[in-house]
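The chain contents come next:
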Amino acid sequence: MQQPFKDLPTFSVSVGKSALWIILIVFFIGYATISAILIYHWRKYGMSNGNILIAESLFLTVSVILFGIAFFALTIF
Amino acid sequence: MLHLDPGEKIVHEVRKHWFVFFAYGFFLGIAAILPPILFEVFIYLVPFRLPTEGSIGALGMFAYMIWLLTIWIAFFVQWTNYYLDVWHVTQKRIIDVEQKSLFHREISTIRFDKIQDITVEVRGFLATFLDIGDIRVQTASENSKDFFMRSASRPEQVRRIVFAQHNWESERSRPVRVVDKDGDGYADQPGNTETEK
């Protein structure tokens with residue numbers, strides 16, 4: 001099957017590696033700020049609930065994995 | 001942070017039903033898997049070349065991880081608002097913590113002796129099936145507002161627990177008459193009562 005919009009002009013986007021590193025660093029700063037706010041709420045108002053501890057561990061573990069993959073993707077880019 | 005009286009313990013916690021949060025989580029789940037699908041459709045429909053340097057796969061993976069992290073944060077912000085919006089039922093009172101947003105909390109308490117009535121309303125098939133309902137605790141005081149929680153989990157059980165605590169507290173603080181045994185006539189006077197505590 002032919003592309004329905006094949007007659008449109010082709011365009012390309014130039015993405016530099018350093019720009020992607022800056023995006024990652026800025027994103028990490030935002031993430032760290034929100035994480036600090038969340039963890040503050042969980043510890044101050046969570047009444048030491050077991051579910052809060054599980055949530056905190058899950059949040060941080062998955063975040064580390066996702067950041068690790070993003071970091072890896074940038075190194076091989 | 002909640003401050004309980006010495007010896008006061010939380011006997012029950014009341015939250016909105018998990019299904020209320022599940023609806024939001026489901027929406028985020030859809031949002032998480034949508035970008036790869038949309039990207040495939042987009043590059044099929046529109047002639048698009050990406051990028052001029054580096055690997056397209058690595059760039060796509062990087063962008064997708066950033067997207068997933070954004071959704072992950074949004075999920076936990078919403079979960080925090082859901083989980084910290086709670087009623088703590090203690091032996092003496094109900095503490096209502098209304099978590100409206102991350103930086104907006106309201107905490108109010110009502111002692112059991114100020115409770116006038118508790119109304120539970122379960123509407124609809126799904127609410128009946130999942131045991132979801134609205135709970136309203138009416139207060140006897142004119143100064144304090146009623147406590148209300150929409151879509152609470154197991155509302156009938158909450159009502160039973162609150163009434164049980166209310167009855168226990170009433171029994172505990174019921175006035176008793178002290179009978180004069182030594183004949184000095186003091187304790188027999190009307191109004192000379194003590195309260196068991």
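Above this note sits the structure.
Residues numbered from 1 in each chain as written. Chains lettered and ligands numbered in written order. Predicted model: local features only at pLDDT ≥ 70, side-chain atom pairs only at ≥ 80, totals over all residues. Heavy atoms only, no water.

**With respect to the sheet that holds strand 1 (residues 10–14) of chain B**
All names here are of chain B.
- On the basis of which strands lie adjacent, the open sheet formed by 4 strands has the order 1-3-4-5 and antiparallel pairing. Each edge of the open sheet carries a strand with a single partner, namely strand 1 and strand 5 (104–111). The sheet shows a mean angle of 15° between the axes of neighbouring strands, taken without regard to direction.
- In the sheet, strand 4 (residues 93–101) pairs with strand 5 via 8 bridges, with the strands oriented antiparallel. When the sheet's bridge partners are listed, Q99 is paired in strand 5 with R105. (Pairing = 2+ DSSP bridges. Helix = DSSP H or I, 4+ residues; strand = E, 2+ residues; numbered from the N terminus. Axes fitted to C-alpha atoms, helices over the stretch in contact; angles between N-to-C directions.)

**A word on the sheet that holds strand 7 (residues 132–139) of chain B**
All names here are of chain B.
- The antiparallel open sheet is built from 3 strands, whose spatial order is 6-7-8. The open sheet has two free edges, formed respectively by strand 6 (115–121) and strand 8 (147–153), since each of these has just one partner strand. The sheet shows a mean angle of 15° between the axes of neighbouring strands, taken without regard to direction.
- For strand 6 and strand 7, the ladder comprises 6 bridges, and the chain directions are antiparallel.

**Digging into the packing of helix 2 (residues 50–76) of chain A against helix 2 (residues 56–83) of chain B**
- At their nearest, the axes of helix 2 of chain A and helix 2 of chain B sit 8 Å apart, and the two run at 165° to each other. In terms of axis orientation, helix 2 of chain A runs roughly antiparallel to helix 2 of chain B. For the element pair helix 2 of chain A and helix 2 of chain B, the recorded crossing hand is left-handed.
- Partitioned by chemical class, the residues of the contact of helix 2 of chain A with helix 2 of chain B number 23 nonpolar, 2 polar and no charged. (Parallel < 35°, antiparallel > 145°, perpendicular 65-115°, else oblique. Left-handed = near helix turned anticlockwise from the far one by under 90°. Nonpolar A, V, L, I, M, F, W, Y, C, P; charged D, E, K, R; others polar.)

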